[in-house]
Amino acid sequence: MLTDPWRFSILGYQVGLAKPAFLGLCAVGALVGTLALVSALRRRGRVRALLNERLVDKLAPGTSRWRPAVQGGFYGLGLLLFGLALAQPQCGTKSELTKRRGIDVVVALDASKSMLARDVQPSRLERAKLELTTLLDELKGDRVGLVAFAGDAFIQSPLTSDYSAVKLFLRAVEPEQMPQGGSNIGDALMLCKQLLENADRGAKEKVVVLLSDGEDLVGEVKEAVAALKEANIQVLTVGVGSEQGEPIPVYNRRGEFVDYKKDSSGETVITRMDRGGLTSIAEGTGGEFYYQPRGVAMAQVLDRIEKMQKSELESRVTVRYDERFQTFALPGLALLVMGMLLLPSSRRRSS
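Worth saying up front: this structure is predicted, and the values here are computed from it rather than measured.

(A) Inspection of the side chain of S114 at higher detail. Mapped onto the fold, S114 is located in the loop between β4 (104-110) and α4 (124-138). Looking at S114, the relative accessible area reads 7%, which means it is buried. Looking at S114, its side chain comes within polar contact range of the side chain of D213, at 2.6 Å. Each residue touching S114, except ones within four places of it in the same chain, is listed here: R124, D213, E215, I248 and T271.

Written as structure tokens, this is what we have:
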């Protein structure tokens, strides 16, 4: 495809074009030059056909057969060279050692039914996913993993620096896809700890970002917090939802609202963000609790991550091609200037 770089070898040298689509400008330049030459020849032929050869210089002084052709040739060749320059010709390679520095971050995302509550628009879960996408856009060099949880927890994405892949996995998190209902924050935290400790070339700073309304129906949080503290893993908790409470909507298979969730006695279930529980988790591991009443406080999380000590997570040898666009751009500019300065005809001064 024209959008993909071209790579080939000439006499043992690695050469290529980074943006071959611009070769179309070379074709335009060649066409301009050809049309200018043909037009000049035709114009001169018409003049010769109408006027006697001896009268041409008297009746049409300054008429030149070659000036328009040369001017068009300058323009055409200049465009051709500019097309080659824009295609970014490359010749020769050099190897460079690149290092990626950052920290390891595992995001624990609550995907329980209570996250469908709409006290944060469009819903707690959708707003959390949107803010997480923004966080991924701002991270530089850090490795990110994703754990989704409800009544059970599972690894949605391993630690990776491929943020596009994490976004893809993030979009797939839905309460309907969770194998078990409920909310088990403790299990999610322990799985985050396992994911961080099993990482290859782990970073010095390890962080769990927990996005949840804080409702825990199992009660294994204390054990998980103690284990994370012992492993020197901070938990940054981000509260999602309101403290006033909100009913949990129920949808059918077509995504249409049906009713609000009811308990065994027929009363509407009200879900509230547990500020105290989330604060306790954060403080117990040396982290911090973040909350914004009408949104998700990811900007503060990003500031905290940026201040942490970065480690070398990855080093690789990359091959870089030497750019040669200047070789074509400068002559192309000179030819275009010459074309502008050259007049298509000259007038003789009368004696």
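(B) Just the side chain of R124, in detail. Summarising the element assignment, R124 is placed in helix α4. Ignoring anything within four residues of it in the chain, the contact list for R124 reads S114, M115, A117, D119, D213, V240, G241, S242, E246, T271 and R272.

(C) Region of interest: the packing of aromatic side chains. Using the criterion set out here, one finds three aromatic pairs in the structure. Note on F257 and Y260: the rings are 5.1 Å apart at their centroids and 65 degrees apart in plane angle, and the pair reads as edge-to-face. For F257, a relative accessible area of 39% puts it in the partly exposed group. Both rings, one in F289 and one in Y291, keep their centres 6.3 Å apart while their planes meet at 15 degrees; by these two values the pair is stacked. With respect to class, F289 is no different from Y291; both count as buried. Aromatic ring contacts, followed pair by pair, group Y251, F257 and Y260 into a single cluster. The ring of F257 carries R118 above its face, with NZ or CZ at 5.4 Å from the centroid.

(D) Main features of the sheet that holds β4. Spatially, six strands are ordered β6-β5-β4-β7-β8-β13 in an open sheet, and the strand pairing comes out mixed. If you trace the sheet from one side to the other, it starts and ends with β6 (153-160) and β13 (288-291), each paired once. In this sheet, neighbouring strand axes are inclined to one another by 15 degrees on average, regardless of whether the strands run parallel or antiparallel. Relative to strand β5 (residues 143-149), β4 is paired through seven bridges, and the arrangement is parallel. Paired with V106 across the strands is G145, a residue of β5. Against the sheet, helix α9 (residues 298-306) engages β4, β7 (206-212), β8 (234-239) and β13, with an angle of about 165 degrees to β8.

(E) Expanded view of the pattern of salt bridges. One pass over the full model with this rule turns up 12 salt bridges. Note that D213 and R124 form a salt bridge whose closest N and O atoms lie 2.9 Å from each other. Of this pair, D213 sits in the loop between β7 and α7 (221-230) while R124 is found in helix α4, placing the two residues 89 residues apart along the sequence. Neither residue differs from the other here; D213 and R124 are each classed as buried. A salt bridge links E126 to K129; its shortest N-O distance comes to 3.5 Å. One end of the pair is E126 and the other is K129, both in helix α4 and three residues apart, which spans about a single turn. Residue classification places K129 among the buried residues on the basis of a relative accessible area of 7%.

(F) Inspection of the nonpolar core at higher detail. L109, V209, L211 and M298 are the most contacted members of the largest nonpolar core, which has 35 residues in total. Secondary-structure elements contributing two or more residues to this core are β4, α4, β5, α5 (163-171), β7, β8 and α9. Top element by residues in this core is α4. It accounts for five residues. When neighbours within four sequence positions are excluded, L109 is seen to be in contact with L125, A128, K129, L132, L146, V147, A148, F149, L170, V173 and L211. One finds F149, A224, V225 and I281 within the second-largest nonpolar core, a separate group that totals 28 residues.

Cut-offs and rules
Residues numbered from 1 in each chain as written. Predicted model: local features only at pLDDT ≥ 70, side-chain atom pairs only at ≥ 80, totals over all residues. Heavy atoms only, no water. Helix = DSSP H or I, 4+ residues; strand = E, 2+ residues; numbered from the N terminus. Buried < 20%, exposed > 50% of the residue type's maximum accessible area, 1.4 Å probe, protein only. Polar contact = N/O pair within 3.5 Å; in protein donor to acceptor, adjacent residues only side chain to side chain. Contact = heavy atoms within 4.5 Å. Phe/Tyr/Trp six-rings, centres within 6.5 Å; stacked < 30°, edge-to-face > 60°. Lys NZ or Arg CZ within 6 Å of the ring centre and 35° of its normal. Pairing = 2+ DSSP bridges. Axes fitted to C-alpha atoms, helices over the stretch in contact; angles between N-to-C directions. Salt bridge = Lys/Arg side-chain N within 4 Å of Asp/Glu carboxyl O. Core = buried A, V, L, I, M, F, W, Y, C linked by side-chain atoms within 4.5 Å.

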